[in-house]
Amino acid sequence: MTGWVPDVLPGYWQRTIPLGPDPAGEGDIAATLVRRGEPAGADHRAVLAVHGYTDYFFHTELADHFADRGFAFYALDLQKCGRSRREGQTPHFITDLAHYDAELGHAVAAIRRQAPAGRPAEILVYGHSSGGLIVSLWLDRLRRRDPAAHAAVRGLVLNSPFLDLHGPAVLRHALASALIAGLSRVRSKGVVRAPTEGGYGTTLHRDYHGEFDYDLEWKPVGGFPITFGWLHAIRRGHTRLHRGLEVGVPTLILRSDHSVAESDDPASMHRGDAVLDVTQIARWAGRIGKRSTVVPVADAKHDVFLSLPEPRRMAYRHLDMWLDEYLGSDNSQASTSSGKG
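### A short note on the pattern of salt bridges
Tallied over the entire structure, the rule returns 25 salt bridges. Aspartate 140 serves as the salt-bridge partner of arginine 143, at 3.5 Å between the closest nitrogen and oxygen. One end of the pair, arginine 143, and the other, aspartate 140, are both in helix 3 (residues 130-145), three residues apart, so they sit about a helical turn from each other. A relative accessible area of 30% places arginine 143 in the partly exposed class. On the accessibility criterion, aspartate 140 (2% relative accessible area) is buried. Of the charged contacts in the structure, one is a salt bridge between aspartate 299 and arginine 271, with a shortest N-O distance of 3.4 Å. Of this pair, aspartate 299 sits in the loop between strand 11 (292-297) and helix 9 (309-327) while arginine 271 sits in the loop between helix 7 (266-269) and helix 8 (278-284), placing them 28 residues apart in sequence. Salt bridges sharing partners connect three or more residues here, namely Asp22, Glu26, Lys80 and Lys189.

Written out as structure tokens, the structure is:
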């Protein structure tokens, strides 16, 4: 792992996690660990955030909120995503979600090294969308394979986790999964779904109809192409989750209270999840672990913390209540940037 250097975001730092040759043959791969503030202090409580598909870490409001609650904030740009993608690599491409275990393990180890002497780190893992699926599967494996590392994780927050495939029921049939598996073997980088010109992304970026600013090369408004290889990895993850996981920590699952159709009309997508079917999140949330709390947020978007101001305030409020109840987090400071004021 390299040393810390200034990040593209002012006031943030990053370090590269080399991962060696890519199993998919796209050269050497790496992940990027990002930290809010200089990595000089002793971090007892910390958050490790993992993004979803067509995403990377940019959401400094979320980081500020956790910092105001007494958490050091870290985020991981996964291999081939955002800061971590190298020339010639297919964005977000992976053929097995377990391949993320190494970078997640390195990130946790780096955070644990920042803990003060004699006081072990307490880490809250956060995952959005496909990142929520990735970290849930990883924690289930970590609990069984490395209990010492798992003991450092004290809680899990999932923001609209990707727990099943959205769309007609035929797409979730065993025959459809078998077809995807077959095509992934012969055309792993073949495109299942091409980027769109409109859709959910137009509700987010300030250059369109949203209020947030981020790099459109790393998070294009129309999304990245979805490949057979990636989709097969996701479906294998879904199958494992549907059989039942045990992440071993208290879990908060935030989602919208309803889904809306993705369209070329941004106004219709501002109040609802335009990416996933929230009834599927509700259906499968109980398979993540024994201590899960599911909270629907009225009129929230797919990323509940990128919603309109009022749903966003409610999402932060639910997060705070859960932190108080399950983690005993200090709420001595309030974040006005997160819209709670």
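### Regarding the sheet that holds strand 11
Ordered in space as 1-2-3-5-4-6-7-10-11, the nine strands form an open sheet in which the pairing is mixed. Looking at strand neighbours, the two that pair on one side only are strand 1 (5-6) and strand 11, the edges of this open sheet. Pairing of strand 4 (residues 45-50) with strand 6 (residues 122-128), which is carried by six bridges, proceeds in the parallel orientation. Within the sheet, the bridge partner assigned to arginine 45 lies in strand 6 and is glutamate 122. Its contacts with the sheet place helix 9 against strand 4, strand 6, strand 7 (153-159), strand 10 (251-256) and strand 11, and it is angled at close to 165° to strand 11.

### As for the nonpolar core
Judged by nonpolar contacts, the single largest core of 57 residues is most densely connected at Leu33, Leu48, Leu76, Leu97, Leu104 and Leu156. Ranked by the residues each element gives to this core, the list is headed by helix 3, at seven residues. Ignoring any residue separated from it by four or fewer positions in sequence, one finds leucine 156 in contact with Leu124, Val125, Val135, Ser136, Leu139, Val247, Val249, Pro250, Thr251, Leu252, Ile288 and Trp322. One finds Leu252, Val295, Leu319 and Leu327 within the second-largest nonpolar core, a separate group that totals 28 residues.

### Here's the deal with the environment of alanine 181
Note on placement: alanine 181 falls in helix 5 (residues 174-186). Looking at alanine 181, the relative accessible area reads 11%, which means it is buried. Separated by 51 residues in the primary sequence, alanine 181 and histidine 232 have C-alpha atoms spaced 5.7 Å apart.

### Points about helix 6 (residues 228-243)
With 16 residues, helix 6 extends 23 Å from end C-alpha to end C-alpha; this agrees with the ideal 22 Å at 1.5 Å per step. Among the residues of helix 6, Phe228, Gly229, Trp230, Leu231, His232, Ala233, Ile234, Arg235, Gly237, His238, Leu241 and His242 are the ones counted as buried. Where helix 6 is buried, its residues meet helix 3, helix 5, strand 8 (191-193), strand 9 (226-227) and helix 8. Trailing helix 6 by a residue or two, glycine 244 shows a phi angle of about 115°, which is positive.

### Thoughts on the pairing of strand 3 (residues 28-36)
The buried count for strand 3 comes to seven of nine residues, which makes it a mostly enclosed element. The pairing of strand 2 (residues 12-21) with strand 3 spans nine bridges and is antiparallel. Its bridge partner being in strand 3, isoleucine 17 is matched across the sheet by alanine 31. Joining the antiparallel neighbours strand 2 and strand 3 is a turn of six residues, in which glycine 25 adopts a positive phi near 80°. Sheet topology places strand 3 next to strand 5 (residues 72-77); four bridges connect them, and they run antiparallel. Its bridge partner lying in strand 5, valine 34 is registered against alanine 75.

### What about the packing of helix 1 (residues 60-68) against helix 9?
Orientation of helix 1 relative to helix 9, taken along the N-to-C sense of each, is 30°, at an axis distance of 12 Å. When the axes of helix 1 and helix 9 are compared, the pair comes out roughly parallel. For the element pair helix 1 and helix 9, the recorded crossing hand is right-handed. From helix 1, Glu61, Leu62, His65 and Phe66 reach across to helix 9, where they touch Arg312, Tyr316, Leu319, Asp320 and Leu323. Split into classes, the residues belonging to the contact of helix 1 with helix 9 amount to five nonpolar, one polar and three charged.

Rules and cut-offs
- Residues numbered from 1 in each chain as written.
- Predicted model: local features only at pLDDT ≥ 70, side-chain atom pairs only at ≥ 80, totals over all residues.
- Heavy atoms only, no water.
- Salt bridge = Lys/Arg side-chain N within 4 Å of Asp/Glu carboxyl O.
- Helix = DSSP H or I, 4+ residues; strand = E, 2+ residues; numbered from the N terminus.
- Buried < 20%, exposed > 50% of the residue type's maximum accessible area, 1.4 Å probe, protein only.
- Pairing = 2+ DSSP bridges.
- Contact = heavy atoms within 4.5 Å.
- Axes fitted to C-alpha atoms, helices over the stretch in contact; angles between N-to-C directions.
- Core = buried A, V, L, I, M, F, W, Y, C linked by side-chain atoms within 4.5 Å.
- Expected span 1.5 Å × (residues − 1).
- Parallel < 35°, antiparallel > 145°, perpendicular 65-115°, else oblique.
- Left-handed = near helix turned anticlockwise from the far one by under 90°.
- Nonpolar A, V, L, I, M, F, W, Y, C, P; charged D, E, K, R; others polar.

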